[in-house]
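Given next are the chains, with one letter for each unit.
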Amino acid sequence: MRVLLSTYDSRGGVEPLVGLAVQLRALGAEVRVCAPPDKEFAALTAGFGVPLVPFGDPVRAMITAATPPSEEDLRRQVDGLIAAQFDTVAAAAEGCDALVATALPWTAAGARSAAEKLGIHYVYASYHPNQLPSPHHPPAQYAGLPFPPFAIDNRVLWDRYAQNANELLGTTLNSHRASIGLPPVDNVLDYAFTDHPWLAADPTLGPWQEAADLDVVQTGAWLLLDERPLPAELVAFLDAGTPPVYVGFGSMAVRSSIDIARVAIEAIRAQGRRALLSHGWAELALIDDRDDCFAIGEVNQQALFGRVAAVMHHGGAGTTTAAARAGAPQVVIPQGVDQLYWAGRVTELGIGTAYDGRTATVESLSAALNTTLTPETRARVSAPAGTIRTDGAMVAATLLIDAISRQRPPADLARPAPPR
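The next thing to look at is the side chain of Q330. Mapping Q330 onto the fold places it in strand β12 (residues 330-332). Within the structure, Q330 has its side chain in polar contact with the backbone oxygen of T320 (distance 3.3 Å). Aside from chain neighbours lying at most four places away, what touches Q330 is V311, H313, T320, A323, A324, V346, I351, G352, T353 and T372.

In C-alpha cells form, the structure reads like this:
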C-alpha cells in the first residue's frame, strides 16, 4: 500500500504527519509527505527515512517576514497553494492508495480533488477541535473576537465562514477542477472536511463534543517519538540548579512592540526561578550574561519538559500536549487561531494559566507564573499527564490501512506495485 500525507503548515503541523508516516511504515505501507520546502522539514523527514515532496513557498520566511504580507501577496500565495494541489501534490499521489490532508481547508479541498480524480481514498485530519464545524464552538478564525451582530449561535458563524471561503476561493478551486474534468463544488469547507474527518488530538486535552454535524473519529494526537539526547551543555545547566522555567514560542514570529523575552525573563526572576529560553522562529535572545538563564535551539521537548518547573509557550497543539504529558504546569501566551483554544483548555483543566501577551508586563506575567507554580496547580497537572494517549498515530495508521483494504479487491492486494 502507498500513502501520501500532505500539509502546508509550520513545524507543529509537519511533525505529526511524520509521526503518522512512521507508524504507517511499521504496518508495511510506503509513505511520502508533501509539505513546504523549508530546510528543517527536509531534515526532519530525512531523519526518519520519509521522502519529502516540497510545494509552495517556505513557511518560515513568510511567518517571520518583517512586515505582514499584503493582500495581493496573500492572494498570490493562496492561488499558488491551490494550484500546487493539482500539479505537485497530484503527481505525488499517482500510484497511491490514499491521501491524508491536514491544515488549510482550501489546500485540502485541492488535495481531495486530486484524490477524486485518481479514485483513491481521502481523509481530512485536524489537530484541534475548533477547526471542524460544530455547534459547540465558533470557527477558530473567530476565536477571541467579538461576535458579529448577525450571529445567533455558532452554526451561524460557521455558515458565514463557509460563505466567505466560497466567495474567496471557490472560483479558483473550481477552475482547476474544471481543467481536469471534475464538476464544481458548491461548498469548499464541506468538501475539504468531508462528513467523516479525523481529529488528531488527545481526548483529554482536546475532546470532541458529539454533534449531528459531523461524524468525527478522534484518534488521539500523532506523536513522533523523539529519542535524541539533550545537548551536554543543556544537561549541565539543568543539573546546576533548581528546575528552570522554559520559554518558547515555536514557529511563531511574536510580532509585538513588547520585548517578550525581556518581560518573560524578568518575570521568571521575580519568582526566584531560573529561565530556559528557546530561540524559535522568533529568534528570542538572552537579555544579559547572568548564569541563571540559558538559551537553546530546537531540542527534544519530550526529554526536556520533565525537567522544568513550568512551560511558558504560545499554545501550539504539540507543545501543549508535550507539556501536559510531562506533567509540567503551563503559562500559555496564545498568538492566534487554535492557540486560543488550547489556552482555554489549559485553564479549564486547571493545569496552567492563559495570559494575554499583547499587554504583557513583568508584574502581570510574574503573577500568572506564580499561580502556575503553586502546589495546587502542580497536583492537578499529574492527573491528565497519566491519561494522555501515545498511540494516536498507530490508531490512525491502522484505521487508514483497514479503510484501504476494504476498498481494494483481494486480487489487487496480491498484485505487485507498479514501478515508480
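Back to the write-up after that little detour.
Turning our eyes to something else, we now look at empty space enclosed by the protein. Within the structure shown, the criterion is met by 2 cavities of 30 Å³ or more. By volume, the largest cavity is sized at about 40 Å³. Forming the boundary of the largest cavity are S6, T7, Y8, F55, Q85, A101, T102, T107 and A108. Residue composition of the lining of the largest cavity, grouped by class: 4 nonpolar, 5 polar and no charged.

In this structure the tally under the stated criterion is 7 aromatic pairs. With a centroid separation of 5.3 Å and an interplanar angle of 20°, the aromatic rings of F237 and F294 are classed as stacked. Residue F237 is located in helix α8 (residues 232-239), and its partner F294 is located in strand β10 (residues 293-296); the two are separated by 57 residues in the primary sequence. For F237, a relative accessible area of 7% gives the class buried. Classification of F294 as partly exposed rests on a relative accessible area of 23%. For the ring pair Y246 and F305, a centre distance of 5.0 Å and an interplane angle of 70° mean the geometry is edge-to-face. In this pair, Y246 sits in strand β8 (residues 245-248) while F305 sits in the loop between α10 (301-304) and β11 (310-313), placing the two residues 59 residues apart along the sequence. Neither Y246 nor F305 differs from the other in exposure class; each is buried. Note that R112 overlies the ring of Y191, its terminal NZ or CZ placed 4.4 Å from the centroid. Over the face of the ring belonging to F237 we find R274, whose NZ or CZ atom lies 4.1 Å from the ring centre.

Put simply, helix α1 (residues 11-26) and helix α2 (residues 39-47) touch, their axes get as near as 10 Å, and they point 15° apart. Comparing their axes, α2 and α1 come out roughly parallel. Taken as a pair, α1 and α2 cross one another with a handedness that is right-handed. On α2, the residues touching R11, V14, E15 and V18 of α1 are E40, F41, L44 and T45. When grouped by side-chain class, the residues that make up the contact of α1 with α2 number 4 nonpolar, 1 polar and 3 charged.

Conventions used here
- Residues numbered from 1 in each chain as written.
- Predicted model: local features only at pLDDT ≥ 70, side-chain atom pairs only at ≥ 80, totals over all residues.
- Heavy atoms only, no water.
- Helix = DSSP H or I, 4+ residues; strand = E, 2+ residues; numbered from the N terminus.
- Polar contact = N/O pair within 3.5 Å; in protein donor to acceptor, adjacent residues only side chain to side chain.
- Contact = heavy atoms within 4.5 Å.
- 1 Å grid on protein atoms, 1.4 Å probe; cavity = no way out; pocket = protein on both sides within 12 Å on 5 of 7 lines; lining within 4 Å.
- Points joined across faces, edges and corners; volume = space filled by probe spheres on them.
- Nonpolar A, V, L, I, M, F, W, Y, C, P; charged D, E, K, R; others polar.
- Phe/Tyr/Trp six-rings, centres within 6.5 Å; stacked < 30°, edge-to-face > 60°.
- Buried < 20%, exposed > 50% of the residue type's maximum accessible area, 1.4 Å probe, protein only.
- Lys NZ or Arg CZ within 6 Å of the ring centre and 35° of its normal.
- Axes fitted to C-alpha atoms, helices over the stretch in contact; angles between N-to-C directions.
- Parallel < 35°, antiparallel > 145°, perpendicular 65-115°, else oblique.
- Left-handed = near helix turned anticlockwise from the far one by under 90°.

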